[in-house]
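# Reading the structure
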Amino acid sequence: MRDMNQDSGELYAYRKAGKIASLVRTKVAQLTRPGVPIIKICEETENMIRKMGGFPAFPTNVSVDYVTAHYTSPPNDETTIPEDGLVKVDLGASISGYLSDTAVTVDLSGKEIAMVDTAEKALRAAMSIIKAGINVGQVGKAISDTIVSAGFKPISNLGGHSLARYELHSGTSIPNVLTHSGQVMREGGVYAVEPFVTKADGKGYVKDTDSAYIFSCTDSMPPASPKDNPEAELLTVLKKRFGILPFCLRWLGSDFNLKQFKRLIRSGSVISYPVLVEAGKRIVAQAEHTVLVKKYGCDVLTT
Ligand code: MN
Ligand code: MN
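Residues numbered from 1 in each chain as written. Chains lettered and ligands numbered in written order. Predicted model: local features only at pLDDT ≥ 70, side-chain atom pairs only at ≥ 80, totals over all residues. Heavy atoms only, no water.

## Some points on the coordination of the manganese ion (ligand 1)
- The coordination sphere of the manganese ion (ligand 1) contains the protein donors Asp90 (OD), Asp90 (OD), Asp101 (OD) and Glu288 (OE), at a distance range of 2.0 to 2.3 Å.
- Within one chain, the residues donating to the manganese ion (ligand 1) are spaced in sequence as D-x10-D-x186-E.
- Here the manganese ion (ligand 1) and the manganese ion (ligand 2) are spaced 3.1 Å apart, linked through Asp101, which binds each one. On the criterion of sequence distance, the pair formed by Asp90 in strand 4 (residues 86–91) and Asp101 in the loop between strand 6 (98–99) and strand 7 (102–107) is long-range, its members being eleven residues apart.
- Judged by its relative accessible area of 9%, Asp90 is buried.
- In this structure Asp101 comes out as buried when scored by relative accessible area, which is 3%. (Donors = N, O, S within 2.8 Å, 3.2 Å for Na, K, Ca; no water. Helix = DSSP H or I, 4+ residues; strand = E, 2+ residues; numbered from the N terminus. Buried < 20%, exposed > 50% of the residue type's maximum accessible area, 1.4 Å probe, protein only.)

Structural data, given as structure tokens:
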């Protein structure tokens, strides 16, 4: 990829995507109250992004308590925000495919302030050392050290990622623990950094559940003759609309065949992302920003 400092169009789009996500994120706290339907939070945040001239980069995730990521409301979801929930709202915008990704944790109990602060502090610790050429393992270590010294545990198998045009997870992982992948952060590269924090007696990793509400098409070519193959036709429609970006059934309306959709998942043309839960069923807090890496530091795009 080119150095974005030489391409102000890309940078402008990234900054706009970041600004939109940041503004929407600031509205999340007032939306996230006990008894509010989760679908309302999903739809209102996604609609705010659209009204500001972007598209949702992915369905808004609203993950409560030990649910860690990948919950978005299915159509007609009746789930509501519980009384004392620890609620992670994760959202992003797309401007011509240039993406932002940011998250905030709302503590409705008032008892988990330390945990929420620790996630934010770990994110700041990471951002304070990020610069061109830094090894991602060092970023993971800064995150982990911050979390452990506050008396909590990082989630080791979830983390940040590089972003590319129309690609939410584009190849480089930013871990939340020390790793030795050898990957480095690139000048001009855009990355999401996202510490997840659980209780010291949690397992410190997430596992899949049987539920999935977020999907994406794979990179594979759609079959050549969609005309006589209704599944291929659906796949073509999905790829045209979303590319390989994540989407959810709420966005498809009623104008599609669920059986065909399920066959696309079975055939591997569509990937589903299971809801992830902390393996020890301990509550989890998250913080996330999107950053632009520079020679001697980074710009936070989602503030
Ligand atoms: Mn996110
Ligand atoms: Mn992310």
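## Here we look at the coordination of the manganese ion (ligand 2)
- The manganese ion (ligand 2) binds to the protein through Asp101 (OD), His161 (NE2), Glu194 (OE) and Glu288 (OE), with metal-donor distances spanning 2.1 to 2.2 Å.
- Taken in sequence order, the residues that donate to the manganese ion (ligand 2) follow the motif D-x59-H-x32-E-x93-E.

## Considerations on the sheet that holds strand 2 (residues 61–64)
- An order of 2-4-7 is seen for the three strands of this open sheet, with the pairing classed as antiparallel. At either end of the open sheet lies a strand with only one pairing partner, and these are strand 2 and strand 7. Pairwise comparison of adjacent strand axes, ignoring direction, gives a mean angle of 15° for this sheet.
- For strand 4 and strand 7, the ladder comprises six bridges, and the chain directions are antiparallel. Its bridge partner lying in strand 7, Leu86 is registered against Asp107.
- Where helix 1 (residues 8–31) meets the sheet, its contacts fall on strand 4 and strand 7, and the angle it forms with strand 7 comes to roughly 10°. (Pairing = 2+ DSSP bridges. Axes fitted to C-alpha atoms, helices over the stretch in contact; angles between N-to-C directions. Contact = heavy atoms within 4.5 Å.)

## With respect to the side chain of Arg250
- Note that Arg250 resides in the loop between helix 5 (230–242) and helix 6 (258–267).
- When its relative accessible area of 14% is taken as the criterion, Arg250 is described as buried.
- With residues near it in sequence (within four places) discarded, Arg250 still touches Ile39, Cys42, Glu43, Glu46, Pro59, Thr60, Thr72, Ser73, Pro74 and Pro75.

## Brief notes about the packing of helix 1 against helix 2 (residues 38–51)
- In contact at an axis separation of 10 Å, helix 1 and helix 2 are set at 150° when each is read in the N-to-C sense. On the basis of their axis angle, the class for helix 1 and helix 2 is roughly antiparallel. Helix 1 and helix 2 meet at a crossing whose hand is right-handed. Here helix 1 contributes Ile20, Val24, Lys27, Val28 and Leu31 to the contact with helix 2, which in turn contributes Ile41, Glu44, Thr45, Met48 and Ile49.
- Class assignment of the residues belonging to the contact of helix 1 with helix 2 gives a composition of seven nonpolar, one polar and two charged. (Parallel < 35°, antiparallel > 145°, perpendicular 65-115°, else oblique. Left-handed = near helix turned anticlockwise from the far one by under 90°. Nonpolar A, V, L, I, M, F, W, Y, C, P; charged D, E, K, R; others polar.)

## Topic: helix 6
- Residues of helix 6 that are buried include every one of Gln260, Phe261 and Leu264, and no others. One side of helix 6 holds all its buried residues, which, seen down the axis, span an arc of 100°. Away from its buried face, by an angle of more than 90 degrees, helix 6 presents the exposed residues Lys259 and Arg266.
- Contacts made by the buried residues of helix 6 are with strand 13 (206–217), helix 5 and strand 14 (270–278).
- Here helix 6 starts with a cap whose side-chain oxygen sits 2.8 Å from the backbone nitrogen of Lys259, and that cap is Asn257.
- The first or second residue beyond helix 6 is Gly268, which carries a positive phi of 90°. (Arc of directions from axis to C-beta. Polar contact = N/O pair within 3.5 Å; in protein donor to acceptor, adjacent residues only side chain to side chain.)

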